[in-house]
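An overview of the molecular structure
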Amino acid sequence: MSDTQATTGTTAGTELSPVPNTGRLVEVGDGTYVVGADFGGTCFGCGPANRDGLRLRFWLLDDGRVSTTVFVPAHLCGMAGVVHGGVQSTILDEVSGVAAQTALPTGSSTAPCVTAELSVRFRRPVSQVGPVTAVARAVRREDRSVHVEAAIIDADGAELTTATSRWVQLPA
């Protein structure tokens, strides 16, 4: 995510609202949100009812980004101590989906956004030891599409894995 985009929240395209659309999210009460059970109840990444899944919770940050932090179990590693690339992609897909959904205009349909394109770049190994944090920001809207940039970051904020994606809101 470039500094310019992280600061402004936009690139060429439709200006994004500074107020997040939380229509599909349920506030848990500890400052985090989960995706509503009507949509993601059993989803591997975000489903709170999936006992074998990641059960991601999300924070809506003041700067417009969405964040999630998860402790990845050892059985989801590719190599000992390194989070499998598919799991990293799942985490980035999930945090990006919430960023896309929250970027929809307030009062718009609560129909879900789905991944239309996802491009992932693995820069450095992501350690399974300790928490894995991902952040995402919607950078522009075009018609029913929302473009998002995301990254898995280390404790110092360095990007380990990055993703760009395009999301499409399903018809209501």
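Residues numbered from 1 in each chain as written. Predicted model: local features only at pLDDT ≥ 70, side-chain atom pairs only at ≥ 80, totals over all residues. Heavy atoms only, no water.

Looking at the element boundaries, Arg141 is found in strand 8 (residues 132–142). Only 3.0 Å separates the side chain of Arg141 from the backbone oxygen of Ala103, close enough to count as a polar contact. (Helix = DSSP H or I, 4+ residues; strand = E, 2+ residues; numbered from the N terminus. Polar contact = N/O pair within 3.5 Å; in protein donor to acceptor, adjacent residues only side chain to side chain.)

Looking now at the environment of Gly78. Position of Gly78 relative to the elements: it lies in strand 5 (residues 77–79). Accessibility expressed as a relative area gives 51% for Gly78, which makes it exposed. Setting aside residues up to four positions removed in sequence, Gly78 forms contacts with Val83 and His84. (Buried < 20%, exposed > 50% of the residue type's maximum accessible area, 1.4 Å probe, protein only. Contact = heavy atoms within 4.5 Å.)

Across the protein, pLDDT averages 86, with 86% of residues at or above 70. In this model residues 1–12 is a low-confidence stretch, pLDDT under 50, and it forms 26 contacts with partners more than four residues away in sequence or in other chains. (pLDDT = per-residue confidence, 0-100.)

Scanning all chains against the criterion turns up six salt bridges. For the salt bridge of Arg137 with Asp63, the shortest nitrogen-to-oxygen distance reads 3.9 Å. Of the two residues, Arg137 sits in strand 8 while Asp63 sits in the loop between strand 3 (59–60) and strand 4 (66–70), which places them 74 residues apart along the sequence. Accessibility expressed as a relative area gives 4% for Arg137, which makes it buried. With a relative accessible area of 37%, Asp63 lands in the partly exposed category. A salt bridge links Arg166 to Glu117; the nearest nitrogen and oxygen atoms lie 3.1 Å apart. (Salt bridge = Lys/Arg side-chain N within 4 Å of Asp/Glu carboxyl O.)

This brings us to the environment of Gly53. Following the sequence through the fold, Gly53 ends up in the loop between helix 2 (37–40) and strand 3. Taking C-alpha positions, Gly53 is 7.3 Å from Cys43, a pair spaced 10 residues apart along the chain.

This paragraph deals with the side chain of Ser89. Inspection of the secondary structure puts Ser89 in helix 3 (residues 85–102). Taking relative accessible area as the criterion, Ser89 reaches 17% and is therefore assigned buried. Setting aside residues up to four positions removed in sequence, Ser89 forms contacts with Leu118, Val120 and Phe122.

This brings us to the environment of His147. Within the secondary structure layout, His147 lies in strand 9 (residues 145–153). In this structure the C-alpha to C-alpha distance between His147 and Glu117, which are 30 residues apart in sequence, comes to 9.3 Å. Other than its neighbours up to four places away in sequence, His147 contacts Arg137, Ala138, Val139, Arg140, Glu142, Ser165 and Arg166. There is a polar contact of 3.3 Å between the side chain of His147 and the side chain of Glu142.

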